[in-house]
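Notes for the structure review
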Amino acid sequence: AQTVTQSQPEMSVQEAETVTLSCTYDTSESDYYLFWYKQPPSRQMILVIRQEAYKQQNATENRFSVNFQKAAKSFSLKISDSQLGDAAMYFCAYNGDSNYQLIWGAGTKLIIKP
Amino acid sequence: SQTIHQWPATLVQPVGSPLSLECTVEGTSNPNLYWYRQAAGRGLQLLFYSVGIGQISSEVPQNLSASRPQDRQFILSSKKLLLSDSGFYLCAWGRGQGISYEQYFGPGTRLTVT
């Protein structure tokens, strides 16, 4: 069965610095999608970025980028120039078997220090 | 564009009382719909999902039930609430096909059972 692991329950970073959140997953599939979702204090989940496993180029959305290492089954999220509004829970999710359900990690709480 | 609504936003109910949470989606047809529960500071637990009117799949046996009376309406219910039902309830709808499937979330309902 597929699993998603976020080994960092909490991370903190100084405002304007860069932080990387880790996510690893386990799958036997060759093609799949990976996602990072953000849940700010308002608690509405927001899709931040997506990556298809067959695409070698790492996805980027403004200050958010991923480091996708398919062989290592690693999918980390890098946030550049951290802002106070980036403070949130971040969840990694996997979709690989077309059953219309996502497999979720436990989340990482990101704290931004002013 | 698609929009997902949930209400109420906040609810305080005594143990043993009934529950009805409603979720509606605008701007799309025949979406897959999901109910998740989230304990404070924790990850997402999938409760129910639906691929069409009257079609409900339950992931966790409990005293909650779900119904989909209309294409874009998803209701979470309970006849008698337990203290353990307290949490944050998120409704989501799904877009895409196969492994490119993504989920988009409503604003959530914070339920406190007293």
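Here goes a summary of the coordinates provided. Small disclaimer: the values here were computed from a predicted structure and weren't measured.

Overview of the sheet that holds strand S7 (residues 64-70) of chain B
Residues and elements named next belong to chain B.
- Read across the open sheet, the 4 strands follow the order S1-S3-S8-S7; overall the sheet is antiparallel. Single-partner strands in this sheet number two, and they are strand S1 (3-7) and S7. For this sheet, the mean angle separating the axes of adjacent strands, direction not counted, is 20°.

Notes on the nonpolar core
Residues and elements named next belong to chain A.
- Ranked by internal contacts, the top residues of the largest apolar core, which has 25 residues, are Tyr25, Trp36, Phe75, Leu77, Tyr90 and Leu110.
- In terms of residue count, the dominant contributor to this core is strand S10 (residues 88-95) (4 residues).
- Sequence-distant contacts of Tyr90, that is, excluding residues within four places in its chain, are made with Gln6, Leu21, Trp36, Tyr37, Lys38, Phe64, Leu77, Ile79, Gly107, Thr108 and Leu110.

With respect to the side chain of Arg37(B)
All names here are of chain B.
- Within the secondary structure layout, Arg37 lies in strand S4 (residues 32-38).
- There is a polar contact of 3.1 Å between the side chain of Arg37 and the side chain of Tyr89.
- Look past the residues within four positions of Arg37 in its chain and what remains in contact with it is Gly43, Leu44, Gln45, Leu47, Gln62, Leu64, Ser84, Asp85, Ser86, Phe88 and Tyr89.

Overview of the state of the cysteines
- One pass over the structure, following the stated rule, counts 2 disulfides over all chains.
- A disulfide bridge connects Cys23(A) with Cys92(A), and the sulfur atoms are separated by 2.0 Å. Residues Cys23(A) and Cys92(A) are joined by a disulfide whose S-S torsion is about -70°; by sign, that bridge is left-handed. With Cys23(A) in the loop between strand S3 (19-21) and strand S4 (24-26) and Cys92(A) in strand S10, the pair connects residues that are 69 residues apart, well separated along the chain.
- In this model, Cys23(B) is linked to Cys91(B) through a disulfide, with the two sulfur atoms separated by 2.0 Å. Disulfide Cys23(B)-Cys91(B): torsion about the S-S bond near -75°, hence left-handed.

Examining the interface of chain A and chain B
- Counting residues at the interface gives 23 residues for chain A and 28 residues for chain B.
- Roughly 2,100 Å² is buried in total at the junction of chain A and chain B, and carbon and sulfur atoms are behind 53% of that figure.
- It is Arg43(A), Tyr100(A) and Gln101(A) in chain A that bury the most area against chain B; as a group they hold 35% of the surface buried on that side.
- For the pair chain A and chain B, the number of links is 1 salt bridge.
- With its nearest N and O atoms 2.2 Å apart, the salt bridge here joins Arg50(A) to Glu102(B).

Comments concerning the pattern of salt bridges
All names here are of chain B.
- On inspection of all chains with the given rule, the structure shows 5 salt bridges over all chains.
- In this structure, the salt-bridge partner of Asp85 is Arg37, at a minimum N-O distance of 3.6 Å. Taken together, the positions of Asp85 in the loop between strand S8 (73-78) and strand S9 (87-95) and Arg37 in strand S4 put the pair 48 residues apart, joining distant regions of the chain. Accessibility classification places Asp85 together with Arg37 in one group, the buried group.

So, how was this worked out
Residues numbered from 1 in each chain as written. Chains lettered and ligands numbered in written order. Predicted model: local features only at pLDDT ≥ 70, side-chain atom pairs only at ≥ 80, totals over all residues. Heavy atoms only, no water. Pairing = 2+ DSSP bridges. Helix = DSSP H or I, 4+ residues; strand = E, 2+ residues; numbered from the N terminus. Axes fitted to C-alpha atoms, helices over the stretch in contact; angles between N-to-C directions. Core = buried A, V, L, I, M, F, W, Y, C linked by side-chain atoms within 4.5 Å. Buried < 20%, exposed > 50% of the residue type's maximum accessible area, 1.4 Å probe, protein only. Contact = heavy atoms within 4.5 Å. Polar contact = N/O pair within 3.5 Å; in protein donor to acceptor, adjacent residues only side chain to side chain. Disulfide = S-S within 2.5 Å. Buried area = accessible area lost by both parts, 1.4 Å probe. Salt bridge = Lys/Arg side-chain N within 4 Å of Asp/Glu carboxyl O.

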